[in-house]
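# Tertiary structure, described
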Amino acid sequence: MSVIELSDCALVVGSRPLLSRVNLSISRGEVVALLGDNGSGKSTLVKMILGLRTATSGQVRLFDTPLPQFHQWHRVGYVPQRSAMASGVPATVWEVVTSGRLSRRRLFAPLGSNGRNAIAGALESVDLTERAHDPFDTLSGGQQQRALIARALAAEPELFVLDEPNAGVDTANQEALAATLEVLVSRGATVLVVLHELGAMAPLVDRTVVIHDGKITYDGAPLTHSHGSHHHHTHEEMLPHVPPLSAPLDRSPSERGGIR
Amino acid sequence: MSAFALPFVQLALAAALITGIAAPTVGTYLVQRRLSLMGDGIGHIAVTGVALGLLTGQSPTLIAIVVAVLGALAIEVIRATGKASGDVALALLFYGGIAGGLVVASRAGNGAASLQRYLFGSILTMTTTDLVVTAVLAALVIGISVLMLPQLFAVCHDEEYARTTGMPVRLYGALIAVLAAVTVTVAMRTVGLLLVSALMVIPVATAQQFTKGFRSTMLTAMVVGASAAVSGVALSALIDAPPGAMIVLVCLAGFLAAAPVGMIRARRARARLPFQPHLNPLEHESAQHSDHVHGDNCGHLAVNHGDHIDYVHDGHRHAVHEGHYDEH
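In this numbering scheme, every chain counts its residues from 1 along its sequence in written order. Written order determines the labels here, with chains lettered from A and ligands numbered from 1. Where totals are concerned, whole chains, interfaces and linings use all residues; where local detail is concerned, this predicted model gives features only for residues with pLDDT of at least 70, and gives and counts side-chain atom pairs only at 80 or more.

### Quick word on the overall build of chain A
Our working rule: By definition, any uninterrupted DSSP run of H or I lasting at least four residues is a helix, any uninterrupted run of E lasting at least two residues is a strand, and each is numbered from the N terminus. Think of it as a crowd count around each C-beta: if 20 or more other C-beta atoms lie within 10 Å the residue is buried, if 12 or fewer it is exposed, and in between it is partly exposed, with C-beta placed from the backbone throughout. Two residues form a contact once the distance between their C-beta atoms, set from the backbone, is within 7 Å.
Scanning chain A from N- to C-terminus turns up 5 helices and 10 strands. Within the span of chain A, comprising 260 residues, buried residues form 45% of the whole. For chain A, contacts bridging at least 24 residues in sequence account for 71% of all contacts bridging at least 6.

Here you go:
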């Protein structure tokens, strides 16, 4: 069975295609890296998979269920880019992580001991137990990223979708993140991770998908170097190092002005 | 004190207590969403509702609630669609609301004078019925704000993520807008439409100087708001000042008293920020003065540095190393 299945998906804004003819199938237990330049459509693709943006044609299926009918959101753990968050009131790490449990919580229902244990376990796996009651804003970039992973973990999901977890994170913390992901993978999680380059994640990745200008240009075994140097592959064209013209449009409002 | 034996003063104190608790609960969500001035905008729109009530002879509070709810939902739709021209659209809505209200009120008999009561509050003319209405609406606002805290917090904190948990995020956003509208109309009798936002926002800003989390901020803000509202009314009875304005001044005084605490806390937090683990100096340099032993409560600030602790003093960072201290 496939965990994520995109058949002939397109996303058009105005008359401008952001994604076109995207076909992708990810099976249980796979660790897939989605690579691409700024503005190539990789974040848009992830948002389309999660239902945050609606495909204008084609079908997105999660766990063999078409997206509009999909309700088992506790099976999905989303780790967004850190820049997407803004808050005027402090929130503790525990509060942020606890909001990840909402996909399993009924309205007005207390957290319960299962929930508490899951949250404690999630904090433990990202090594932030001691920081649980500190304000989220006082964590370093890498720690914030780990807290967001813990938030996704709190629902005990089967599929993790991470959007540029290494953005703004130093090398040492990138390795710590990779180690955290390795634990998830060893427990049988399916992972789709958007990356600018493989970096410390390389040993974990089973398969890379390269997206360029809204189209999938490579789907196969991991490329050892960053996608920019894959000109030796079947696709002869060099990928441009400047963002294509469509780049400014290929962002949702929440990303505008964020770290790219 | 004889003033507090008067029934209308007692009613006023009760109303102040209730609105003082309710306003900051919703205010916490608005501040979290960086919509601190939304209460002010809703207040402007509610002016039209009050004026329509005065003109038609209906209850101004009732009509104001309806108009404020519609206005708040319009603001939420504009916010959620995230158009670049959104803030201009909000300005149109706000000033259209207040100007429309003034014109409509001028058509009603002595509308302009009556409108004054809603613009600046009229807590001393409250009846028992008014108090009951206030209490019921406030209980609704507080109940929903507190019981739905996990959901509403998630929606305000990271809306996009909240959508991936399968929650009806749009609905909850609209719910917050409706709660804000009801709060504005509840508080308009206490502090007035023009000052209502102050009672929603300032207690939250004050609470933040002491708190670390969202829930603790909301609870502290409720206590701060209630104390400010009650003492504001009491003070105004003593010195014969307008109660609405007095409540806001007490709120501000509370914030000014709390701000230094927040500043000191922020400075301490910065000092304790861990040093980057890879920033160890390449060469080994041991500290010169070894007559002092660093440890718990040795008087020097202990800061995490990778896998060990640095003790900071006089611009040096000392780390324990085989019986002596290294300069880090």
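### Looking at the overall build of chain B
Counting its regular elements, chain B contains 12 helices and 4 strands. Judged by the C-alpha coordinates and their principal axes, chain B covers about 85 × 55 × 30 Å. Residues counted as buried form 46% of the 328 residues belonging to chain B. Once local pairs closer than 6 in sequence are excluded, the contacts in chain B between residues at least 24 apart make up 72%.

### Concerning unusual backbone geometry
Its identity is not glycine, yet A:Phe108 carries a phi of approximately 70°, on the positive side. Within the fold, A:Phe108 resides in the loop between helix 2 (93–98) and helix 3 (112–125).

### Topic: the nonpolar core
To keep things clear, this is the line we draw: Note on definitions: a nonpolar core is a set of buried residues drawn from Ala, Val, Leu, Ile, Met, Phe, Trp, Tyr and Cys, linked by C-beta atoms within 7 Å.
Membership of the largest hydrophobic core comes to 161 residues, with the highest contact counts inside it found for A:Val161, B:Ala46, B:Ala68, B:Ala180, B:Ala181, B:Leu199 and B:Ile247. With 12 residues, the single largest contributor to this core is helix 1 (residues 7–32) of chain B. Discounting residues that sit within four places of it in the chain, B:Ile247 has contacts with B:Ala16, B:Val191, B:Leu199, B:Ala228, B:Ala229, B:Gly232 and B:Val233.

### Examining the interface of chain B and chain A
Inclusion rule: Gly is put with the polar residues, along with every residue not named as nonpolar or charged; the nonpolar set is Ala, Val, Leu, Ile, Met, Phe, Trp, Tyr, Cys and Pro, and the charged set is Asp, Glu, Lys and Arg.
On the side of chain A, 32 residues touch chain B, which itself brings 30 residues to the contact. Ranked by the residues each element gives to the side of chain B that touches chain A, the list is headed by helix 7 (residues 149–157) of chain B, at 5 residues. Broken down by class, the residue content of the side of chain B that touches chain A amounts to 11 nonpolar, 13 polar and 6 charged.

### Things to note about the sheet that holds strand 1 (residues 2–13) of chain A
Residue and element names in this part refer to chain A. Which entries qualify depends on this criterion: Strands are labelled as partners when DSSP assigns at least two bridges between them. Here an angle of 0 to 180 degrees is reported between the N-to-C directions of two axes, which are lines fitted to C-alpha atoms, with helices fitted over the stretch in contact.
If you walk across this open sheet you meet the 4 strands as 2-1-4-5, and the pairing is antiparallel. What marks the edges here is a single partner per strand, and that holds for strand 2 (16–27) and strand 5 (65–66). Relative to strand 5, strand 4 (residues 57–62) runs antiparallel, the two being bridged by 2 bridges. Along strand 5, the bridge assignment pairs arginine 61 with proline 66. Contacts from helix 1 (residues 42–49) reach strand 1, strand 2 and strand 4 within the one sheet, and its direction differs from that of strand 2 by about 60°.

### Examining the confidence of the model for chain B
For the record, the criterion: As a per-residue measure, pLDDT tells how confident the predictor is, with possible values from 0 to 100.
In the predicted model, chain B carries a mean pLDDT of 88, and the fraction of residues at 70 or more is 94%. With pTM at 0.85, the complex prediction returns an ipTM value of 0.84.

### Overview of the packing of helix 1 of chain B against helix 6 (residues 128–147) of chain B
Residue and element names in this part refer to chain B. To keep things clear, this is the line we draw: Here the word oblique covers every angle except those under 35 degrees (roughly parallel), over 145 (roughly antiparallel) and from 65 to 115 (roughly perpendicular). Handedness of a helix crossing follows the sense of rotation of the near helix relative to the far helix, less than a right angle counterclockwise being left-handed and clockwise being right-handed.
Relative to each other, helix 1 and helix 6 sit at 25°, their axes nearing to 9 Å. In this view, helix 1 runs roughly parallel relative to helix 6, as classed from their interaxial angle. The two elements helix 1 and helix 6 meet at a crossing, and its hand is left-handed. Listed contacts from helix 6 to Leu11, Ala14, Ala15, Ile18, Thr19, Ile21, Ala22, Thr25 and Val26 of helix 1 are Thr128, Leu131, Thr134, Ala135, Ala138, Val141, Ile142, Ser145 and Val146. Split into classes, the residues belonging to the contact of helix 1 with helix 6 amount to 13 nonpolar, 5 polar and no charged.

### Details of helix 11 (residues 214–239) of chain B
For clarity, the cut-off: A helix is expected to span 1.5 Å for every residue after the first.
Over its 26 residues, helix 11 of chain B extends 36 Å from the first C-alpha to the last, a length consistent with the 38 Å expected when each residue adds 1.5 Å. Positive phi shows up at B:Asp240, right after helix 11 of chain B, with a value of about 55°.

### A word on the sheet that holds strand 9 (residues 207–212) of chain A
Residue and element names in this part refer to chain A. Strand order across the open sheet formed by 6 strands is 6-7-8-3-9-10, with mixed pairing between neighbours. Lying at the two open borders of the sheet, with one neighbouring strand each, are strand 6 (76–79) and strand 10 (215–220). With strand direction ignored, the average angle separating the axes of adjacent strands in the sheet is 15°. Here strand 6 runs beside strand 7 (residues 159–163); their pairing, made up of 4 bridges, is parallel. Residue valine 79 lies in a different strand from strand 7, and its bridge partner there is leucine 162. Contacting strand 6 and strand 7, helix 4 (residues 141–153) crosses the sheet at an angle of about 165° to strand 6.

### A few points about the environment of B:His318
By the secondary structure assignment, B:His318 is in strand 3 (residues 316–321). Residue B:His318 is classed as buried on the basis of its C-beta count, with 22 C-beta atoms lying within 10 Å.

### Remarks on helix 2 (residues 38–56) of chain B
All names here are of chain B. Convention followed: Bend, at a single residue, is the angle you get between axes fitted to the 7 residues ending at that residue and the 7 residues starting at it.
In this model, helix 2 (19 residues) spans 27 Å end to end at C-alpha, consistent with the 27 Å of a helix rising 1.5 Å per residue. Isoleucine 45 marks the point of greatest bend in helix 2, at about 25°. With respect to burial, helix 2 is a largely interior element, 16 of its 19 residues being buried. A positive backbone phi angle near 80° is found at glycine 57, which sits one or two residues after helix 2.

### Some details on the confidence of the model for chain A
On average, residues of chain A score 85 in pLDDT, and 84% of them reach the 70 mark or higher. A low-confidence stretch, residues 226–260 of chain A stays under pLDDT 50, and its non-local contacts, those more than four residues away or across chains, total 46 contacts.

### So, the environment of A:Asp213
By secondary structure assignment, the location of A:Asp213 is in the loop between strand 9 and strand 10. Between the C-alpha atom of A:Asp213 and that of A:Leu18, which follows or precedes it by 195 residues, the distance is 7.5 Å.

### Concerning the pairing of strand 2 (residues 308–313) of chain B
Residue and element names in this part refer to chain B. Taken together, the 5 bridges between strand 1 (residues 301–305) and strand 2 define a ladder with antiparallel strand orientation. Note on strand 2: the bridge partner recorded for alanine 302 is tyrosine 311. Bridge analysis of strand 2 against strand 3 gives 4 bridges, and the strand direction is antiparallel. Paired with valine 312 across the strands is arginine 317, a residue of strand 3. The turn joining strand 2 and strand 3, which pair antiparallel and follow one another in sequence, is formed by 2 residues; a positive phi near 45° is taken by aspartate 314.

### Quick word on the packing of helix 2 of chain B against helix 3 (residues 60–81) of chain B
Two measures define how a pair of helices packs: the angle their axes make with one another and the distance between the axes. All names here are of chain B. With their axes 7 Å apart at the nearest point, helix 2 and helix 3 run at an angle of 140° to one another. Considering their axes alone, helix 2 and helix 3 lie oblique with respect to each other. Like other packed secondary-structure pairs, helix 2 and helix 3 cross with a definite hand, here right-handed. Taking contact as the criterion, the partners of Met38, Gly41, Ile42, Ile45, Ala46, Thr48, Gly49, Val50, Leu52, Gly53 and Leu54 in helix 2 are, on helix 3, Pro60, Leu62, Ile63, Ala64, Val66, Val67, Ala68, Gly71, Ala72 and Ile75.

### Some words on the environment of A:Phe70
Residues and elements named next belong to chain A. Topologically, phenylalanine 70 is positioned in the loop between strand 5 and strand 6. C-alpha separation for the pair phenylalanine 70 and glycine 51, spaced 19 residues apart in sequence, amounts to 9.7 Å. Those residues within four positions of phenylalanine 70 in sequence are excluded, and the remaining contacts are Leu62 and Thr65.

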